[in-house]
Amino acid sequence: MAQKGTKVSARNESLKLIDQLIKSGIPVSEACQKLGVSQPTYYRWRRESRVEQGNVDSSSTTAQLILNSAEALIAKQGLKVSLREISRVANVNVGTINYYFKSRNDLLYHITARGTAFFKDERFKLLNTLESKSSKITLEDIITAFYLPTLKTLVSKKRDVSNYNRFLRRMVQSTDYEIQAIVHRCYSEIHKRFLNAFSRALPGLPEKQIYWRYIAFTGVYFSITQNPIRVDMITEGKIKLQDPDKDLQELMPILIGIMRAK
């Protein structure tokens, strides 16, 4: 612990000297060079220091610009997009990205969490409304609260919604453990809330059976919502996800069947 404290003190002293040079009018690159520190390291140190002080704001205009640029690029090109490419589109340097986000996966987490927050709010709002109307919530109610918000975004013309759906598709389809851990971290609260709701709607069903049904239930969800083009191609255009309420009406007996399976 003492060794770690010494390193932090040395880092903070270097940061202080570099910041003083910058304030005197010397460019960041030159100030870093004088102290023998690379620019990425300087920006990383700044971020670490501000995190320790609770001062990093991922909701700032610059941070949101980085998130938007990364989301759009990954939606279009995939998860292998480089930080350099993201910095070019966002018109910031890589050091600025490192300042706001401690790693590439931290950036991916913030994009996922930002989008998931919308779906979580919409789902919980629906679930809360339904639960307030009746002491006994039905399977239809729970399924509606889970599916409807996403089905509505599939017909949205908003670019940010489209970008997030395609970005999430990349994340969900990845087989990388760390990527899946990010998705799970962002969705864990949703899973817990709906598993609890299904348990109350299906009293007496063993916990393990609830889990199996929920896995199948969410499997259908991701298959349809994360790859709607597949639905169109398999059905040769006979099924198009264009009317959220009607689409859910068609899906409802199938989803209820999954949850009531024997």
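Residues numbered from 1 in each chain as written. Predicted model: local features only at pLDDT ≥ 70, side-chain atom pairs only at ≥ 80, totals over all residues. Heavy atoms only, no water.

1. Brief notes about the overall build of the protein
The condition that has to hold: By definition, any uninterrupted DSSP run of H or I lasting at least four residues is a helix, any uninterrupted run of E lasting at least two residues is a strand, and each is numbered from the N terminus. Only C-alpha atoms enter the radius of gyration; for comparison, a globular chain is expected to reach 2.2 Å times N to the power 0.38, where N is the number of residues. Per-residue and other accessible areas were derived by the Shrake-Rupley procedure at a 1.4 Å probe size, with only the shown protein chains allowed to occlude residues. For this count, His and the chain ends are skipped, Lys and Arg are scored as positive, and Asp and Glu as negative. Lysine's charge is taken at NZ, arginine's at CZ, aspartate's at CG and glutamate's at CD.
Tallying secondary structure elements over the protein gives 13 helices and zero strands in all. N-terminal to C-terminal, the α/β element order of the protein is α-α-α-α-α-α-α-α-α-α-α-α-α. What you see for the protein is a C-alpha radius of gyration of 23 Å, clearly larger than the 18 Å of a compact globule of 262 residues, by over 25%. Here the C-alpha coordinates of the protein stretch approximately 70 × 45 × 30 Å along the principal axes. Approximately 15,200 Å² of the protein is accessible, and the part contributed by carbon and sulfur atoms is 53%. Side chains of the protein carry 41 positive and 25 negative charges; the gap between the two charge centres is 2 Å.

2. A closer look at helix α10 (residues 177–201)
So the rule is basically this: The angle between axes fitted to the seven-residue stretch ending at a residue and the seven-residue stretch beginning at it gives the bend at that residue. Exposure is judged per residue with a 1.4 Å probe applied to protein chains only, and the accessible area is read against the type maximum: over 50% gives exposed, under 20% gives buried, and values in between give partly exposed. Residue contacts are defined here by distance: any two heavy atoms, one from each residue, within 4.5 Å place the two residues in contact. Polar contact is defined as a pair of N or O atoms within 3.5 Å, subject to the rule that within protein one atom must be able to donate a hydrogen and the other to accept it, and that residues adjacent in sequence are counted only when both atoms are side-chain atoms.
When the local axis directions of α10 are compared, the greatest deviation, roughly 50 degrees, occurs at Tyr187. Here α10 has its buried residues at Ile179, Ile182, Val183, Cys186, Tyr187, Ile190, His191, Phe194, Leu195, Ala197, Phe198 and Ala201. Packed against the buried residues of α10 are α7 (104–133), α8 (139–154), α9 (159–173), α11 (207–225) and α13 (244–259). One side-chain oxygen at the N-terminal end of α10 lies 2.9 Å from the backbone nitrogen of Glu178; it belongs to Asp176.

3. Quick look at the packing of aromatic side chains
Under the convention used in this document: Only Phe, Tyr and Trp rings take part, Trp by its six-membered ring, and two of them pair if their centres are within 6.5 Å. Stacked means planes under 30 degrees apart, edge-to-face means over 60, and tilted covers everything else. Criterion for a charge above a ring: Lys NZ or Arg CZ within 6 Å of the ring centre, and within 35 degrees of the ring normal.
Applying the stated criterion to the full structure yields 17 aromatic pairs. Where Tyr99 meets Tyr100, the ring centres are 4.8 Å apart and the plane angle is 75 degrees; that geometry is what we call edge-to-face. Comparing Tyr99 with Tyr100, the two get one shared label, buried. Members of the aromatic cluster, each reached through a chain of ring pairs, are Phe146, Tyr147, Tyr187, Phe194, Phe198, Tyr214, Phe217, Tyr221 and Phe222. Above the ring of Phe146, the side-chain terminus of Arg123 is found at 4.3 Å from the ring centroid.

4. Concerning the pattern of salt bridges
Selection criterion: The term salt bridge refers to a pairing of a side-chain nitrogen on Lys or Arg with a carboxyl oxygen on Asp or Glu at a separation within 4 Å.
One pass over the structure, following the stated rule, counts eight salt bridges. The shortest N-O distance in the salt bridge between Lys240 and Asp232 comes to 2.7 Å. Taking the relative accessible area as the measure of exposure, Lys240 reaches 42% and is therefore partly exposed. The exposure class of Asp232 is partly exposed, given its relative accessible area of 25%. A salt bridge links Lys238 to Glu236; its shortest N-O distance comes to 3.5 Å. A single burial state applies to Lys238 and to Glu236, both of which are exposed. Overlapping salt bridges, with partners in common, bring together Glu131, Arg193 and Arg200 in one network.

5. Observations regarding the packing of helix α4 (residues 61–77) against α7
To be explicit about the condition: Geometry is summarised by axes, namely lines fitted to C-alpha atoms with helices restricted to the contacting stretch, and by angles between N-to-C directions that run from 0 to 180 degrees. Should an angle fall under 35 degrees it is called roughly parallel, over 145 degrees roughly antiparallel, and 65 to 115 degrees roughly perpendicular, with every other angle called oblique. By the convention adopted, Pro, Cys, Tyr, Trp, Phe, Met, Ile, Leu, Val and Ala count as nonpolar, Lys, Arg, Asp and Glu as charged, and the other residues, Gly among them, as polar.
Packing of α4 against α7 brings their axes to within 10 Å, and their N-to-C directions diverge by 90 degrees. With respect to α7, the axis of α4 lies roughly perpendicular. Two secondary-structure elements touch here, α4 through Gln64, Ile66, Leu67, Asn68, Ala70, Glu71 and Ile74 and α7 through Leu107, Leu108, His110, Ile111 and Arg114. Across the contact of α4 with α7, the residue classes break down as seven nonpolar, three polar and two charged.

6. Side note on the nonpolar core
Keep this limit in mind: Put simply, a nonpolar core is a bunch of buried Ala, Val, Leu, Ile, Met, Phe, Trp, Tyr and Cys residues held in one set by side-chain atoms that sit within 4.5 Å of each other.
Counting 70 residues, the largest nonpolar core has Ile66, Ile143, Tyr147, Phe194 and Phe217 as the members making the most contacts within it. Examining the composition of this core, we find that eleven residues originate from one element, α10, more than from any other.

7. Quick notes on a nonpolar patch on the surface
Rules: Surface patches are drawn from residues lacking salt bridges whose relative accessible area is over 30%; two like charges belong together within 9 Å, two nonpolar side chains (Val, Leu, Ile, Met, Phe, Trp, Tyr) within 5 Å.
Where nonpolar side chains cluster on the molecular surface, the patch consists of Tyr211, Trp212 and Ile215 and spans about 360 Å² of accessible area. Take Ile215: it is sitting in helix α11.

8. Some thoughts on the environment of Met171
As for its position among the elements, Met171 is in helix α9. Along the chain, Met171 and Gly95 lie 76 residues apart, while their C-alpha atoms are 25 Å from each other. Contacts of Met171, omitting those with residues within four sequence positions, involve Leu79, Leu108, Thr112, Ile179, Gln180, Ile182 and Val183.

9. Topic: the environment of Asn68
Tracing the backbone shows Asn68 in helix α4. The class for Asn68 is partly exposed, based on a relative accessible area of 39%. Sequence spacing of Asn68 and Pro228 is 160 residues, and the spatial spacing of their C-alpha atoms is 23 Å.

10. Looking at the packing of α8 against α10
To describe two helices that pack against each other, one gives the angle between their axes and the distance between the axes. Under the convention used in this document: Two helices crossing with the near one rotated counterclockwise from the far one by less than a right angle form a left-handed crossing, whereas a clockwise rotation gives a right-handed crossing.
Where α8 meets α10, the axes come as close as 9 Å, and the angle between the chain directions of the two elements is 165 degrees. Relative to α10, the element α8 lies roughly antiparallel. As α8 runs across α10, the sense of the crossing is left-handed. Two secondary-structure elements touch here, α8 through Leu139, Ile142, Ile143, Ala145 and Phe146 and α10 through Ile190, Phe194, Ala197, Phe198 and Ala201. Along the lines of polarity and charge, the residues of the contact of α8 with α10 split into ten nonpolar, no polar and no charged.

Geometric descriptors of this kind do not, in isolation, establish any biological role.
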